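Given next are the chains, with one letter for each unit.
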Amino acid sequence: MENLAWNEQYNIGVEVVDKAHAKLFRIVNKLKNLLENQESPRTACEEGIKYLESYTMKHFSEEEAYMRSVRYADYARHKKLHDNFRDKTLISLKQDLQLSHYSSLAVERFLGCMSGWLTGHIMMEDQAIVGKVTIKKRYDLSSEISIISRAVNRAMQDILQVEAKLVMDDYKGQNIGKGFYCRLLYDIDNGGKVQLLLGVEEQLVLKAVGLVLMASPTKRTAMVNAAALQIFEQLFHHMGRLFRSEASYSITSDDMLTRDQFRADFMRGYPCRLLFSTRLGYFIFCFRTWKAPKQQAPETPADSSGSAEAPESKKTD
């Protein structure tokens with residue numbers, strides 16, 4: 001794992017906040033170095049992660065105090081992001097660590113999620129406090145998210161035989177490591193369009209392929225890639241029911257994306273951006289909808305005066 005590089009673009013111009021951000025970067029980097037040192041005992045990682053969590057909570061408190069002092073207009077929404085990270089994301093990540101007995105992979109995923117959330121939050125949400133960026137208002141998707149979460153959990157149980165738990169309802173594109181990515185466009189009954197963007201950590205796909213092939217693949221092969229297409233096809237079929245789309249789609253290799261292609265498409269903007277955690281890895285679910293433009297009826301040719309020509313009437317004697 002590469003270290004987080006601190007640079008001036010992360011500064012928002014508020015000393016107490018900037019110092020805390022820089023220290024969080026140093027803590028994450030120290031933990032990454034511990035992870036790479038195979039001789040480091042598990043207790044060192046445990047204590048380091050506890051300290052990172054404790055300092056993050058301290059920083060949230062200081063940052064919220066500053067926002068209140070300047071009467072930041074978007075304080076309530078910003079604080080909710082902090083609360084969700086503390087009450088959902090961190091709890092789920094810590095559960096993964098405990099269930100895996102702090103395995104190297106689980107610690108790496110924890111640090112990857114922390115790094116991605118930290119940099120994304122600083123560059124967007126924290127910069128907005130001082131007016132360096134403008135946050136676009138999002139529709140309230142809270143009621144839809146609960147429905148989507150249940151649908152995703154059911155799909156993951158049916159297809160991959162794992163339970164999925166929502167850990168982030170404002171996913172910002174954090175890298176989940178090696179993964180499979182796919183995009184598909186649905187037509188829905190009201191003439192609208194729905195585009196889904198999915199990402200599945202590689203371990204999850206390998207596990208599912210192993211169930212199908214009665215084997216335990218450890219790396220990508222042509223057979224694994226072909227099986228991954230079928231898994232995505234089943235996922236899209238399950239998800240299509242959310243949008244009342246009963247159309248059957250055949251996923252091809254053209255629908256699969258590289259990590260860079262996924263990132264580029266993600267940056268185009270998805271109002272719903274969710275990150276789920278399972279015991280085997282992460283699952284990304286993003287969607288956006290829009291109405292297809294109505295086709296205009298062809299215009300009747302006009303004469304030189306600009307008025308439509310009347311059809312010739314039949315003459316009668």
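Residues numbered from 1 in each chain as written. Predicted model: local features only at pLDDT ≥ 70, side-chain atom pairs only at ≥ 80, totals over all residues. Heavy atoms only, no water.

Asks: Hey, could you run me through the overall build of the chain in this one?
Replies: Counting secondary structure elements, the chain contains eight helices and six strands. Ordered by position from N to C terminus, the α and β elements of the chain give α-α-α-α-α-β-β-β-α-α-β-α-β-β. Counting the 317 residues in the chain, one finds 47% classified as buried. Contacts spanning at least 24 positions in sequence make up 71% of the contacts within the chain whose residues lie at least 6 apart. Here the chain has roughly 18,000 Å² of accessible surface; of this, 51% comes from carbon and sulfur atoms. (Helix = DSSP H or I, 4+ residues; strand = E, 2+ residues; numbered from the N terminus. Buried < 20%, exposed > 50% of the residue type's maximum accessible area, 1.4 Å probe, protein only. Contact = heavy atoms within 4.5 Å. Areas by Shrake-Rupley, 256 points an atom, 1.4 Å probe, with all protein chains shown as cover.)

Asks: Would you take a moment to explain the packing of helix 3 (residues 75–99) against helix 4 (residues 104–129) for this structure?
Replies: Think of two packed helices as two axes; the pair is described by the angle between the axes and how far apart they sit. Between helix 3 and helix 4, the shortest axis-to-axis distance is 11 Å and the interhelical angle comes to 175 degrees. Regarding the angle of helix 3 to helix 4, the classification is roughly antiparallel. Contacts between helix 3 and helix 4 involve Arg77, His78, Leu81, His82, Phe85, Thr89, Leu90, Leu93, Asp96 and Leu97 on the former and, on the latter, Ala106, Val107, Arg109, Phe110, Cys113, Met114, Trp117, His121, Glu125, Asp126 and Ile129. The residue inventory of the contact of helix 3 with helix 4, partitioned by class, reads twelve nonpolar, four polar and five charged. (Axes fitted to C-alpha atoms, helices over the stretch in contact; angles between N-to-C directions. Parallel < 35°, antiparallel > 145°, perpendicular 65-115°, else oblique. Nonpolar A, V, L, I, M, F, W, Y, C, P; charged D, E, K, R; others polar.)

Asks: Sorry, what's going on with the nonpolar core here?
Replies: Nonpolar side chains in soluble globular proteins tend to end up buried together. Formed by 42 residues in total, the largest nonpolar core has its most connected members in Leu235 and Phe285. Every element with two or more residues in this core is listed here: helix 5 (142–160), strand 2 (179–187), strand 3 (192–201), helix 6 (202–213), helix 7 (222–240), strand 5 (272–278) and strand 6 (281–291). (Core = buried A, V, L, I, M, F, W, Y, C linked by side-chain atoms within 4.5 Å.)

Asks: Sorry, what's going on with helix 3 here?
Replies: In an α-helix, one turn spans 3.6 residues, which is why side chains three or four residues apart end up on the same side. Between the first and last C-alpha of helix 3 there are 35 Å, a value that for 25 residues agrees with the 36 Å anticipated at 1.5 Å per step. At phenylalanine 85, helix 3 is deflected by roughly 35 degrees, the largest bend along its length. Backbone geometry just after helix 3 places histidine 101 at a positive phi near 55 degrees. (Expected span 1.5 Å × (residues − 1). Bend = angle between axes of the 7 residues up to and from the residue.)

Asks: How do you make sense of the packing of aromatic side chains when you look at a structure like this?
Replies: What the rule picks out here adds up to 13 aromatic pairs. A connected cluster of aromatic rings, assembled from ring pairs, spans Tyr171, Tyr181, Phe262 and Phe266. Above the plane of the ring of tyrosine 270 lies arginine 288, whose end atom (NZ or CZ) is 4.8 Å from the centre. (Phe/Tyr/Trp six-rings, centres within 6.5 Å; stacked < 30°, edge-to-face > 60°. Lys NZ or Arg CZ within 6 Å of the ring centre and 35° of its normal.)

Asks: What exactly am I supposed to notice about unusual backbone geometry here?
Replies: A negative phi angle characterises most non-glycine residues, just as the trans form characterises most peptide bonds. Unlike most non-glycine residues, arginine 71 shows phi in positive territory, near 55 degrees. Along the polypeptide, arginine 71 turns up in the loop between helix 2 (42–69) and helix 3.

Asks: Please explain the pairing of strand 5 as it appears in this structure.
Replies: In regular strands, side chains alternate between the two faces of the sheet. In terms of burial, strand 5 is largely enclosed, as seven of its seven residues are buried. Burial of the side chains of strand 5 extends over both faces: Cys272, Leu274, Phe276 and Thr278 are buried on one face and Arg273, Leu275 and Ser277 on the other. With three bridges joining them, strand 1 (residues 165–168) and strand 5 adopt antiparallel strand pairing. Following the sheet pairing, leucine 166 is matched in strand 5 by phenylalanine 276. Here strand 5 hands over to strand 6 after two residues, the two strands then running antiparallel side by side. (Pairing = 2+ DSSP bridges.)

Asks: Explanation requested: the pattern of salt bridges in the structure shown.
Replies: Any two side chains of opposite charge can pair, so long as their charged atoms come close to each other. Counted under the stated rule, the structure contains 13 salt bridges. Here glutamate 53 ties to lysine 94 by a salt bridge, and the two come within 2.8 Å at their closest N and O atoms. Of the two residues, glutamate 53 sits in helix 2 while lysine 94 sits in helix 3, which places them 41 residues apart along the sequence. Exposure remark for lysine 94: the relative accessible area of 25% places this residue in the partly exposed category. With its nearest N and O atoms 2.5 Å apart, the salt bridge here joins aspartate 170 to lysine 172. Residue lysine 172 is classed as buried on the basis of its relative accessible area of 18%. Sharing partners across several salt bridges, the network here consists of Lys79, Asp83, Arg86 and Asp87. (Salt bridge = Lys/Arg side-chain N within 4 Å of Asp/Glu carboxyl O.)

Asks: Even after reading the chapter, I still don't get the sheet that holds strand 6, so can you show me in this structure?
Replies: Picture the strands of a sheet paired through backbone hydrogen bonds; they go either parallel or antiparallel. Here we have six strands laid out as an open sheet, ordered 1-5-6-3-2-4, and antiparallel in their pairing. Strand pairing shows two members of the sheet lacking a second neighbour, strand 1 and strand 4 (256–257), which therefore form its edges. Bridging between strand 2 and strand 3 involves nine bridges; their strand directions are antiparallel. When the bridges of strand 3 are listed, leucine 185 appears paired with glutamine 195. The strands touched by helix 8 (residues 259–266) are strand 2, strand 3, strand 4, strand 5 and strand 6; relative to strand 3, the strand with the most contacts, the crossing angle is about 140 degrees.

Fair warning: the whole summary comes from geometry, so function is off the table for now.
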